[in-house]
Amino acid sequence: PSLELIRELVAVKSKLAPSVELARTTFTAIPKIAYVAPPRDYMTSNGKLIRREEIDIIARMISMNKMHRTFAVSGLFNLAAACLLKGTIPYEASTLDKNINEGIVRIGHPEGIAEIHVRKKTCSDLIETVGLERTVRRLMDGRIFVPN
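Fair warning: this is a prediction, and the values are worked out from it, not measured in the lab.

Peer 1: What is the right way to read the pairing of strand β6 (residues 102-109) from this model?
Peer 2: Along any regular strand the residues' side chains alternate between the sheet's two faces. Direction of pairing for strand β4 (residues 57-63) relative to β6: parallel, over a ladder of 2 bridges. Paired with I58 across the two strands is G108, which belongs to β6. Two elements, β6 and strand β7 (residues 112-120), share 8 bridges in a ladder whose sense is antiparallel. Bridged to I107 within β7 is A114. Taking the residues between adjacent antiparallel strands as the criterion, β6 and β7 are bridged by 2 residues.

Peer 1: Would you mind showing me how to read the nonpolar core here?
Peer 2: Within soluble globular proteins, side chains that are nonpolar generally end up buried alongside one another. Judged by nonpolar contacts, the single largest core of 18 residues is most densely connected at L79, C83, V105 and I107. Take this core: its biggest share by element is 4 residues, from helix α3 (residues 73-82). Not counting residues up to four positions away in its chain, the partners in contact with L79 are V36, I57, A59, F71, P90 and I107.

Peer 1: Just checking my understanding: could you explain the packing of aromatic side chains for this structure?
Peer 2: To describe a pair of aromatic rings, you give the distance between the ring centres and the angle between the ring planes. On inspection of all chains with the given rule, the structure shows 0 aromatic pairs. Its guanidinium or amino end placed over the ring of Y91, K98 lies 4.5 Å from that ring's centre, counting from NZ or CZ.

Peer 1: Looking at this structure, how should I read the pairing of β7?
Peer 2: In terms of strand pairing, β7 meets strand β8 (residues 127-131) through 4 bridges, oriented antiparallel. Bridging from a neighbouring strand, V118 pairs with V130 of β8. Hairpin connection between β7 and β8: a loop of 6 residues separates the two successive antiparallel strands, and C123 in this loop has a positive phi of roughly 55°.

Peer 1: Which parts of the structure should I look at to understand a nonpolar patch on the surface?
Peer 2: The grouping of L3, I6 and V10 at the surface amounts to a nonpolar patch, some 240 Å² of accessible area in total. Inspection of the secondary structure puts L3 in helix α1 (residues 3-13). Accessibility expressed as a relative area gives 45% for L3, which makes it partly exposed.

Peer 1: Quick question: what am I supposed to make of the side chain of S63 here?
Peer 2: Checked against the element boundaries, S63 lands in strand β4. A distance of 3.1 Å separates a polar atom in the side chain of S63 from a polar atom in the side chain of K32. Excluding residues that lie within four positions of it along the chain, S63 makes contacts with K32 and H68.

Peer 1: What's the story with the pattern of salt bridges in this structure? I'm lost.
Peer 2: A pair can form between side chains of opposite charge whenever their charged atoms are brought close. According to the stated counting rule, one finds 10 salt bridges in the structure shown. We note a salt bridge from D41 to R51, for which the minimum N-O separation is 3.4 Å. Here R51 lies in the loop between β3 (49-50) and β4 and D41 lies in the loop between β1 (33-37) and β2 (42-43), a separation of 10 residues in the sequence. Taking relative accessible area as the criterion, R51 reaches 41% and is therefore assigned partly exposed. For E102, the salt bridge goes to R119, with nearest N and O atoms at 3.4 Å. Placement of the pair is E102 in strand β6 and R119 in strand β7, with a sequence separation of 17 residues. In this structure R119 comes out as partly exposed when scored by relative accessible area, which is 28%. What you see here is one network of salt bridges that share partners, running through E8, E21 and R24.

Peer 1: Would you explain α1 in this entry?
Peer 2: An α-helix turns once per 3.6 residues; consequently, residues spaced three or four apart project the same way. Within α1, burial applies to R7, E8 and A11. Down the axis of α1, the buried side of the element spans an arc of 100°, and every buried residue falls inside it. For α1, the secondary structure elements touched by its buried residues are α2 (20-25) and β1. Following α1 by one or two positions, K15 adopts a phi angle in the positive range, close to 65°.

About the thresholds
Residues numbered from 1 in each chain as written. Predicted model: local features only at pLDDT ≥ 70, side-chain atom pairs only at ≥ 80, totals over all residues. Heavy atoms only, no water. Pairing = 2+ DSSP bridges. Helix = DSSP H or I, 4+ residues; strand = E, 2+ residues; numbered from the N terminus. Core = buried A, V, L, I, M, F, W, Y, C linked by side-chain atoms within 4.5 Å. Buried < 20%, exposed > 50% of the residue type's maximum accessible area, 1.4 Å probe, protein only. Contact = heavy atoms within 4.5 Å. Phe/Tyr/Trp six-rings, centres within 6.5 Å; stacked < 30°, edge-to-face > 60°. Lys NZ or Arg CZ within 6 Å of the ring centre and 35° of its normal. Patch = residues over 30% accessible without salt bridge, like charges linked within 9 Å, V, L, I, M, F, W, Y side chains within 5 Å. Areas by Shrake-Rupley, 256 points an atom, 1.4 Å probe, with all protein chains shown as cover. Salt bridge = Lys/Arg side-chain N within 4 Å of Asp/Glu carboxyl O. Polar contact = N/O pair within 3.5 Å; in protein donor to acceptor, adjacent residues only side chain to side chain. Arc of directions from axis to C-beta.

Rendered as structure tokens:
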């Protein structure tokens, strides 16, 4: 089956859409599809070289039948958490120390690196917290600010 058909079936199975037809026509943005791989060197969409030593895992996301320009933040949180959970594909693909309960997961995406803090409860496979720091820029102050 195609990735889109898998997405549609998962939308129904997880009760995000009431039918495959509605998943195809109405609920087109969720769930998103992501794939991961062990770290390797790659070029960002802006031409910057990311070395495998700078990241713990590589991830790409498909949203509405297109590659996501970066990676959705909600997906980053889930991926970082999965990197600490035994038995998941991200756990196996990442180069994180398999014994850590807390740390920064460096996720390589098309525009660079997202650093996600994740903490797992001690002696448990329950994730306690995930988070990230973001930068902001002024969008408007009586006039519009557009980057060059």
